[in-house]
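The primary structure of each chain is shown beneath.
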Amino acid sequence: MAAQGRCTVIVGCQWGDEGKGKIVDVLTEGVDIVARYQGGANAGHTVHVGEDEFVLHQIPSGILHDGKRCLLGNGVVLDIQQFFEEYDALVARGIDLRGRVGVSERAQLLLPYHRLLDKAVEDTAVQKIGTTGRGIGPAYEDKAGRRGVRVVDLGNREQLEKRVRIAQERVCRRLEQLGVATTEELDTAMAEALGLGDRLLALATDVGRNITSALLDGKRVLLEGAQGTALDLDHGTYPFVTSSNTTAAAAATGTGIGPTSIDTVIGVAKAYTTRVGEGPFPTAFDPKMDERIRTLGGEFGATTGRPRRCGWFDSVLARFAAQVNGLTGLAVTKLDVLDTLHELQLATGYRMPDGTVIDGFPADTWSLSRVVPVYETLPGWEEPTGEVRKLESLPANARAYLDRIAELANAPVRWVSVGSKRSQIIEVA
Ligand code: GDP
């Protein structure tokens, strides 16, 4: 199944975990290169190939397709140990990676001290963000603070040692302030991480140039986002967000191509909504329904195993995602999870504490935690959809539900996923 367009971005429309991995996996068949442009090992994509399950955190899930080239752009923070753990695990399972993986010379390294600091800060915080404790936030802080270490630095030992020493000493001082003791373990982990430097350097490349020349040669490219729109550092539910821009424009800055190279942006949205971690979630279900959908949808984090909060489809958020990302289409996933419901609700707007109804996504996270969604009720279809492969073959009520989502979100539905397998997908003509 070919991706629409020559250069396609896949973004999450909600709070992440929308099933982007599955959509990327399906669309990869029609492209030559798949690249990640932001985030770190906090993004957990789960992909099912036959009976096998693969959980990928750093390497694009396109790697599961023979011959595709997979790149990590400058916008990612690269955890060397995690990266090679994943790399070696793929090789051990028989995936041929030779000449297929490249990392940007400009990508930031996520080093063991970042993980230590992330955990210490979250453990001692008064207002927890709900981070995955993988060091992503501190690594991006170092990037913005211009004290980060980049892949290219691994080629200059003297410079590298100096930069690492400065950054590590700073982290240790902060840990001391937080009352957390640093241990010898950190030195061991640092030696292990930096010991992998030459191996990583061998994969280093100019990602922007690679992609640009591939596009000029008529090849097709997929740029794979991690997390979701509501977790974007600027546009999400700040401060309960991730430390990078997750939205489509970041696909250009995070790989080193111009924004005009991108011609298609597909937003992935679950047929309902989930949220992991802290922060407001307007359409959250009542506890009984929450439990039911969590079980039916297997809503537990791929990276942390944390149970996800579940709720009704939120069109306010989807509409916002369509605007911020300039969506050319939607991929609606996990429709099958709703198969047994008698009735469904769609949030069309939010009632503010003063009684006014808004249809835009508020910047004020505090207000968002106090809004009451305005719901529209639609009949359920109460039929299994997992075997359906054509839009016309979906139950009429399921089609009506999808039509209403497209109308409210202001974006056409291009794909509908009805199960976790690669084959369980409907392409809308
Ligand atoms: P991502 O980070 O956005 O890729 O999301 P996850 O890795 O958390 O993926 C969501 C989970 O849902 C994975 O276990 C997928 O195999 C599964 N999944 C994806 N699409 C569907 C679908 O249409 N139906 C069902 N039942 N499961 C799906």
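The sections below set out a description of the structure shown in this document.

Criteria and cut-off values
- Residues numbered from 1 in each chain as written.
- Predicted model: local features only at pLDDT ≥ 70, side-chain atom pairs only at ≥ 80, totals over all residues.
- Heavy atoms only, no water.
- Helix = DSSP H or I, 4+ residues; strand = E, 2+ residues; numbered from the N terminus.
- Rg over C-alpha atoms; globule rule 2.2 N^0.38 Å.
- Buried < 20%, exposed > 50% of the residue type's maximum accessible area, 1.4 Å probe, protein only.
- Contact = heavy atoms within 4.5 Å.
- Areas by Shrake-Rupley, 256 points an atom, 1.4 Å probe, with all protein chains shown as cover.
- Lys, Arg positive; Asp, Glu negative; His and termini not counted.
- Charge placed at Lys NZ, Arg CZ, Asp CG, Glu CD.
- Phe/Tyr/Trp six-rings, centres within 6.5 Å; stacked < 30°, edge-to-face > 60°.
- Near = heavy atom within 4 Å.
- Polar contact = N/O pair within 3.5 Å; in protein donor to acceptor, adjacent residues only side chain to side chain.
- Pairing = 2+ DSSP bridges.
- Axes fitted to C-alpha atoms, helices over the stretch in contact; angles between N-to-C directions.
- Arc of directions from axis to C-beta.

### As for the overall build of the chain
Line of reasoning, step 1. Of regular secondary structure, the chain possesses 13 helices and 20 strands.
Line of reasoning, step 2. What you see for the chain is a C-alpha radius of gyration of 21 Å, in line with the 22 Å of a compact globule of 429 residues.
Line of reasoning, step 3. Summarising its shape, the C-alpha atoms of the chain cover approximately 65 × 50 × 40 Å along the three principal directions.
Line of reasoning, step 4. By residue count, 56% of the 429 residues in the chain fall in the buried class.
Line of reasoning, step 5. Long-range contacts, defined as pairs at least 24 residues apart, comprise 77% of the intrachain contacts of the chain with a sequence gap of at least 6.
Line of reasoning, step 6. By element, 49% of the accessible surface of the chain is carried by carbon and sulfur atoms, the whole surface being about 17,800 Å².
Line of reasoning, step 7. When the 48 positive and 56 negative side-chain charges of the chain are each reduced to one mean point, those points stand 3 Å apart.

### Comments concerning the packing of aromatic side chains
Line of reasoning, step 1. Enumeration according to the criterion identifies eight aromatic pairs in this entry.
Line of reasoning, step 2. Here Trp381 and Tyr401 contribute two aromatic rings whose centre-to-centre distance is 5.7 Å and whose plane-to-plane angle is 45 degrees, an arrangement assigned as tilted. One end of the pair, Trp381, is in the loop between β18 (372–379) and α13 (396–409); the other, Tyr401, is in helix α13, and 20 residues separate them in sequence. Pair check on accessibility: Trp381 and Tyr401 agree, each one buried.
Line of reasoning, step 3. A network of ring pairs unites the aromatic residues Phe83, Phe84 and Tyr87 as a single cluster.

### Remarks on unusual backbone geometry
Line of reasoning, step 1. In this model, Tyr238 is joined to Pro239 through a cis peptide bond whose omega is 5 degrees.
Line of reasoning, step 2. Positive phi is not limited to glycine here, since Asp17 has a value of about 60 degrees.
Line of reasoning, step 3. For Asp17, the location among the structural elements is in the loop between β1 (7–12) and α1 (20–28).
Line of reasoning, step 4. Its identity is not glycine, yet Gln227 carries a phi of approximately 55 degrees, on the positive side.
Line of reasoning, step 5. Tracing the backbone through its elements, the reader meets Gln227 in the loop between β10 (221–224) and α9 (250–253).
Line of reasoning, step 6. A relative accessible area of 9% means that Gln227 is categorised as buried.

### Some details on the site of the ligand
Line of reasoning, step 1. If you check the shell around the ligand, you find 18 residues, and the closest are Lys20, Gly21, His45, Asp336 and Ser417.
Line of reasoning, step 2. Gly19 places a polar main-chain atom, nitrogen or oxygen, 2.8 Å from an oxygen atom of the ligand.
Line of reasoning, step 3. With respect to the ligand, the side chain of Ser417 contributes an N or O atom lying 2.5 Å from an oxygen atom.
Line of reasoning, step 4. Relative to its unbound accessible area of 590 Å², the ligand is 90% covered by the protein chains.

### Overview of the sheet that holds strand β19 (residues 413–417)
Within a sheet, each strand pairs with its neighbour through backbone hydrogen bonds, oriented either parallel or antiparallel.
Line of reasoning, step 1. Overall, mixed pairing links the 10 strands, which are arranged β9-β7-β5-β2-β10-β1-β11-β15-β19-β20 in an open sheet. Lying at the two open borders of the sheet, with one neighbouring strand each, are β9 (204–205) and β20 (425–427).
Line of reasoning, step 2. The strands touched by α1 within the sheet are β1, β2 (33–36), β10, β11 (264–270), β15 (329–333), β19 and β20, with β1 carrying the most contacts at an inclination of about 165 degrees.

### A few points about helix α10 (residues 287–297)
Line of reasoning, step 1. Here α10 has its buried residues at Met289, Asp290, Ile293, Arg294 and Gly297. End-on view of α10: buried residues confined to an arc of 130 degrees, all on one side of the axis. When the buried face of α10 is taken as reference, the exposed residues oriented beyond 90 degrees from it are Pro287, Lys288 and Thr295.
Line of reasoning, step 2. For α10, the secondary structure elements touched by its buried residues are β13 (309–311).
Line of reasoning, step 3. Two or three places before Lys288, at the start of α10, stands the capping residue Asp286, its side-chain oxygen 3.1 Å from that residue's backbone nitrogen.

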